[in-house]
Amino acid sequence: MTTTPFDFTPLLPPTLPPAAARWTGRVKFDFTGGNNDPDALPLDGLVAAADAVLKREGRTLATYGLNSGPQGYRALRDFLAAKLHRDAGMRCTADDILITSGSLQALDLVNQTLLTRGDTVIIEEDCYQGSINRLLKLGVTPVGLPLDKDGLRIDALEATLKDLKAKGIRPKYLYTIPTVQNPTATVLPLERRQALLKLAAEYGVPVFEDDCYADLTWSGERPPALHALSDRGNVIYIGSFSKTIAPALRVGYIVAPWSVMSRMLSLKTDAGSGALEQMVLAEYCSAHFTQHVPVLRKALRAKLVTLMDALREQFGATAEFDDPKGGIFLWVKLPEGVDTLKLFQRAQAAGIAINPGPEWSVNKTRAASRLRLCFANLSHEEIHQGVTMLAEICKKEFGMTV
Ligand SMILES: Cc1ncc(COP(=O)(O)O)c(C=O)c1O
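Our subject in this report is the structure included herewith. Counting from 1, residues in each chain are numbered in the order their sequence is written. Local features in a predicted model are, by the rule used here, given only for residues with pLDDT of at least 70; side-chain atom pairs are given and counted only at 80 or more, and totals for whole chains, interfaces and linings are based on all residues. Note: side-chain values were computed over all heavy atoms of the structure, leaving out hydrogens and water.

1. A short note on the pattern of salt bridges
For clarity, the cut-off: The term salt bridge refers to a pairing of a side-chain nitrogen on Lys or Arg with a carboxyl oxygen on Asp or Glu at a separation within 4 Å. The cut-offs for exposure are 20% and 50% of the maximum accessible area for each residue type, with area from a 1.4 Å probe on protein chains only; residues under the lower value are buried, those over the upper are exposed, and the others partly exposed.
The tally for this structure, following the rule as stated, stands at 26 salt bridges. A salt bridge links Asp-87 to Arg-86; the shortest N-O distance between them is 2.9 Å. You can call Asp-87 partly exposed: its relative accessible area is 26%. Residue classification places Arg-86 among the partly exposed residues on the basis of a relative accessible area of 46%. The shortest N-O distance in the salt bridge between Glu-336 and Lys-333 comes to 3.1 Å. On the basis of relative accessibility, which here comes to 63%, the residue Glu-336 falls in the exposed class. Each of Lys-83, Arg-86, Asp-87 and Asp-215 takes part in one network of salt bridges that share partners.

Quick look at the structure:
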């Protein structure tokens, strides 16, 4: 006898977001997302770290929060405080850090704390899709700033702040990815960081700094974080282990003043982020992080070179891009006639996934013929093969001539 499944539909609140589609697996040539290099993942080190930390402290798993309180595993926060000082020039202690379930949860907590429907925020025009979408879902207006080869343009920031002020609008924050920007991979120079902070202070706008790619500059050098350069406590900083160790671990963090941290803690009602991940990361990173990252950077840079070579070979001058300063993405401009939203669909059908430009920008028209390619997860051969197939599709579907 078959029974009719219970119908939940009439019970769903009208404010629910649209239903998700079922996952149907990844395509063979997946140039999307922030996936990392599987061969550069420090698997043996993570296994050894798990073994050591569980044997030593495993019984603390019997408590919510590992006896470390709601801000996350103390040893991981201690590692981060020292790391952020060493690498980004920040002065913070474990008490200023909240461990989150990926930096996506960090984005949500900051947004839930500060934003309400109808607000305005300033962001980089080409920007992380996850950040843009979150703002739109909240009914917040993102005002985009154009970028050049050195990141967000300070003249545009000043003009925007002035314009908004004249309209009586005080933006809730300025969101920026200053170090290896997503998707442009630009790094904001020191002078621009100082100018940005000066303007933010002048207009009374806090800064929301998203720094998850900052360890992945090719040179290993980076300017100090905005957080480090401000003495006003007006910068909220988020970071992640997704890009340096592994995204599936889902471990990110927030550095924020207590006035904001205390409100975020009231909103983080999950009784703590995953404990095993935090323990393993603290154990592994305190001993090996500084040796691991250069190995990862080298592997990523080699894949980027393969991608850029393949694009030059297959697309010639029709694919325009700047050599990224680091990270895992290439932001590519194709000829005006190529609509990358359409290309996305044609490519998907052929087993190739790309991120179409309009999804990574608030300037949909300018981004119409742009796309973002993640080069970290595919092998060198797959990168070459995927780009060759993509060029064929562009020629066939959009009449692109090389
Ligand atoms: C700029 C930026 N912020 C935040 C995230 C979220 O990363 P995660 O939640 O894995 O830490 C990403 C992921 O790609 C990103 O590119």
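There is more to say after this.
2. Observations concerning the site of the ligand
For the record, the criterion: Proximity is defined per residue: any heavy atom of the residue falling within 4 Å of a molecule or strand makes that residue near it. Polar contacts, as used here, are pairs of N or O atoms within 3.5 Å; protein pairs need one atom able to donate a hydrogen and one able to accept it. Residues neighboring in sequence count only if both atoms are side-chain atoms. Only the protein chains shown count as cover for residues, and the accessible areas themselves come from Shrake-Rupley with a 1.4 Å probe. Both cavities and pockets are sets of points on a 1 Å grid over the protein atoms alone; in a cavity a 1.4 Å probe fits but cannot get out, in a pocket the set is open with protein on both sides within 12 Å along at least five of seven lines, and lining residues sit with an atom within 4 Å of a point. Cavities and pockets are treated as containing a molecule whenever more than half of the molecule's atoms lie within 2 Å of their grid points.
Neighbouring the ligand are 14 residues; Ser-103, Asp-210, Tyr-213, Ser-240 and Ser-242 lie closest to it. One of the side-chain nitrogen or oxygen atoms of Ser-242 is found 2.6 Å away from an oxygen atom of the ligand. Within the side chain of Lys-243, a nitrogen or oxygen atom sits 2.8 Å from an oxygen atom of the ligand. When isolated, the ligand has an accessible area of 400 Å², and the protein chains bury 95% of it. Placement of the ligand is best described as lying within the largest pocket.

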